[in-house]
Amino acid sequence: MSRDVGDGPYDRLILRDVMVIDGTGAPAYGPADVVIDKDRISRIHLVGHPTGPRLQEAERPAHGPGGRELALAGHTVLPGLVDAHGHIGWPSIAPGAQYVYDLWLGHGITTVREPGCFVNGLDFVVSEAHRAERGQIAAPRIHPYAGFGLGRTAPFTTPDEARAWVAEAAGAGAAGLKLWGYRRDIFEATIREASTLGLGTACHLQQSYVSQAHSLDAARWGLGSVEHWYGLPEAMLDGRRVQHFPAGYNYEDEVSRFTESGRLWRQAAEPGSARWAETVDELVATGVTLDPTFNVYQGLRDAARVRTLEWHADYAAPALWDHWQPGSGGHGSFFSDWGTEQEVLWKENFRLWMAFVKEFRDGDDPRRRRAQVR
């Protein structure tokens, strides 16, 4: 795929008359000219009072030869957003990688961590990352995370096998690893070896392996980030390693899987309890990151609203739309038997989950954090 979309790069690009949000917590201000030299913001130049006189043209920065300016009065500029869990996509459900890149860029996402490189493969994603960095494709910066065992045809049976695979992934250009959990000794060896080699680690601690290790176990070994919410409530279960599953539960049945997931957080310790607070404190102390991916779960609380959003008609690719239809068999297409009872479960799930994430965010001040939850 060659660069056939977008303009530039320019020696100098000036965004004229914009409001600026700088991402530090400071309030918006403007109007200003944002000057970008090559790929760096070199200057933010206030050009006058919002309702008063502006600087004369001669007093404002010029784009010069090989440059360009955009008149953007009424627009706001803010730092690029980072999507820490974004898949380039399966060829069977997306019309191409550029479709995904365009959606990311259109939403202001300028950096993406690609967790898994599943169908496209690590070589492709590493190549795309290099091409994006050089400006050869119109795409965000990409950090390729190799899915655990990518390229193998047999499961890992020893920690040494896992360590060898980690070294292979590093040599192939992976920036990190996407994990799911595994047998406890192999899982620990993988995380520790990745850390030794300078690779990042992200883990979706799926229920198939959470009896081997939950989020706090993995964080103690040096896990970089906990994906979604898996493994968090399991770290706070009382007297058990896994949640209670009904007799008819089937992990491969998407409706069953997501329905019962909606009951999990209330099986864990209560907000404000000693077990809850101790878990948050230790997670914060390990330096692990939580990557909740809240947006992908919105449909569990209001499936009808998500399915009828007006922009689907213009931007949802037909194959992608078909994949997400209830009962299509695709991952996440569990709405075929989804009703008010499931959405009520997930409303409470969100309340507890968000309380946990908020406490984690406020981890630098445990007294304030606990007071807020109570």
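Residues numbered from 1 in each chain as written. Predicted model: local features only at pLDDT ≥ 70, side-chain atom pairs only at ≥ 80, totals over all residues. Heavy atoms only, no water.

Chemist: Requested: an account of unusual backbone geometry, with residues and values cited.
Modeler: Residue Gly30 is joined to Pro31 through a cis peptide bond whose omega torsion reads 5°. Relative to the elements of secondary structure, Pro31 occurs in strand E2 (residues 29-37). Positive phi, close to 60°, is recorded for Asp17, a residue that is not glycine. One non-glycine residue with positive phi stands out, namely Thr293, at about 50°. As for its placement among the helices and strands, Thr293 is situated in the loop between strand E12 (289-291) and helix H8 (298-301). (Helix = DSSP H or I, 4+ residues; strand = E, 2+ residues; numbered from the N terminus.)

Chemist: Before we move on, can you summarise the nonpolar core with the specific residues and values?
Modeler: Nonpolar side chains in soluble globular proteins tend to end up buried together. Counting 75 residues, the largest nonpolar core has Phe148, Leu177, Phe187, Trp265, Tyr297 and Phe356 as the members making the most contacts within it. Among the elements that make up this core, the one with the highest residue count is helix H12 (residues 340-361) (7 residues). With near-sequence residues (within four places) excluded, Phe187 lies in contact with Leu179, Gly181, Tyr182, Cys203, Leu205, Ala213, Ala218 and Trp221. With 8 residues, the next largest nonpolar core counts Leu15, Val20, Val34 and Ile36 among its residues. (Core = buried A, V, L, I, M, F, W, Y, C linked by side-chain atoms within 4.5 Å. Buried < 20%, exposed > 50% of the residue type's maximum accessible area, 1.4 Å probe, protein only. Contact = heavy atoms within 4.5 Å.)

Chemist: Break down the confidence of the model for the protein for me, citing the residues and quoting the values.
Modeler: For the protein, mean pLDDT is 91; residues scoring 70 or higher make up 96% of the total. The low-confidence segment residues 368-374 (pLDDT under 50) makes 17 contacts with residues lying over four places distant or belonging to another chain. (pLDDT = per-residue confidence, 0-100.)

Chemist: Explain a nonpolar patch on the surface residue by residue, including any values.
Modeler: Residues Ile21, Leu78 and Leu81 make up a contiguous nonpolar surface patch of roughly 240 Å² in combined accessible area. With respect to the element layout, Leu78 can be found in the loop between strand E5 (76-77) and strand E6 (81-83). (Patch = residues over 30% accessible without salt bridge, like charges linked within 9 Å, V, L, I, M, F, W, Y side chains within 5 Å. Areas by Shrake-Rupley, 256 points an atom, 1.4 Å probe, with all protein chains shown as cover. Salt bridge = Lys/Arg side-chain N within 4 Å of Asp/Glu carboxyl O.)

Chemist: Just give me the short version of helix H6 (residues 254-261), but keep the residues and values in it.
Modeler: The buried count for H6 comes to 8 of 8 residues, which makes it a mostly enclosed element. Contacts made by the buried residues of H6 are with H8 and H12. The residue sitting at the N-terminus of H6 and contributing the capping side-chain oxygen is Asp253; that oxygen lies 3.0 Å from the backbone nitrogen of Val255. (Polar contact = N/O pair within 3.5 Å; in protein donor to acceptor, adjacent residues only side chain to side chain.)

Chemist: I'd love a proper account of the side chain of Asp291, names of residues and values included.
Modeler: Counting through the fold element by element, Asp291 comes out in strand E12. Judged by its relative accessible area of 11%, Asp291 is buried. Ignoring any residue separated from it by four or fewer positions in sequence, one finds Asp291 in contact with Ala84, His85, Arg113, Val226, Glu227 and His228.

Chemist: Any chance you could break down the pattern of salt bridges for me, citing the residues and the numbers?
Modeler: Side chains carrying opposite charge are able to pair once their charged atoms draw close together. Per the stated rule, a full pass over the model turns up 24 salt bridges. Through salt bridges with shared partners, a single ionic network connects Arg16, Asp17, Asp33, Glu57, Arg60 and Glu69.

Chemist: Explain the pairing of E2 to me, and be specific about the residues and the numbers.
Modeler: Remember that side chains alternate between the two faces of the sheet whenever the strand is regular. Most of E2 sits inside the fold, with 7 of its 9 residues counted as buried. The pairing of E2 with strand E3 (residues 40-46) spans 6 bridges and is classified as antiparallel. Note that in E3 the partner of Ile36 across the bridge is Ile41. (Pairing = 2+ DSSP bridges.)

Chemist: Can you explain the packing of helix H3 (residues 159-171) against helix H4 (residues 184-196)? Please cite residues and give values.
Modeler: Running from N to C, H3 and H4 point in directions that differ by 30°, and their axes come no closer than 8 Å. Here H4 runs roughly parallel to H3, going by the angle between their axes. Here the hand of the crossing between H3 and H4 comes out right-handed. On the side of H3, the interface is formed by Pro159, Ala162, Arg163 and Val166, while H4 contributes Asp185, Ile186, Ala189, Thr190, Glu193 and Ala194. (Axes fitted to C-alpha atoms, helices over the stretch in contact; angles between N-to-C directions. Parallel < 35°, antiparallel > 145°, perpendicular 65-115°, else oblique. Left-handed = near helix turned anticlockwise from the far one by under 90°.)

Chemist: Describe H3, with residues and values.
Modeler: Here H3 contains 13 residues, and its C-alpha end-to-end distance of 19 Å stays within 8% of the 18 Å for a straight helix at 1.5 Å per residue. Buried within H3 are the following residues: Pro159, Ala162, Trp165, Val166 and Ala169. Projection of H3 onto a plane perpendicular to its axis shows the buried side chains occupying an angular sector of 120°, all on one side. Exposed residues lying more than 90 degrees from the buried face of H3 are Asp160, Glu168 and Gly171. (Expected span 1.5 Å × (residues − 1). Arc of directions from axis to C-beta.)

Chemist: Which residues make up the packing of aromatic side chains, and what are the values?
Modeler: Counted by the stated rule, this structure contains 25 aromatic pairs. Summarising the aromatic geometry, the rings of Phe148 and Phe156 are spaced 4.6 Å apart at their centres and angled 20° between planes, so their arrangement reads as stacked. Both residues of the pair, Phe148 and Phe156, count as buried. Taken together through their ring pairs, the aromatic side chains of Trp229, Tyr230, Phe294, Tyr297, Trp346, Phe350 and Trp353 make up a single cluster. We note Arg113 situated over the ring of Tyr145; from NZ or CZ to the ring centre the distance is 5.1 Å. Sitting above the plane of the Phe350 ring, Arg301 keeps its charged end 4.0 Å from the centroid. (Phe/Tyr/Trp six-rings, centres within 6.5 Å; stacked < 30°, edge-to-face > 60°. Lys NZ or Arg CZ within 6 Å of the ring centre and 35° of its normal.)

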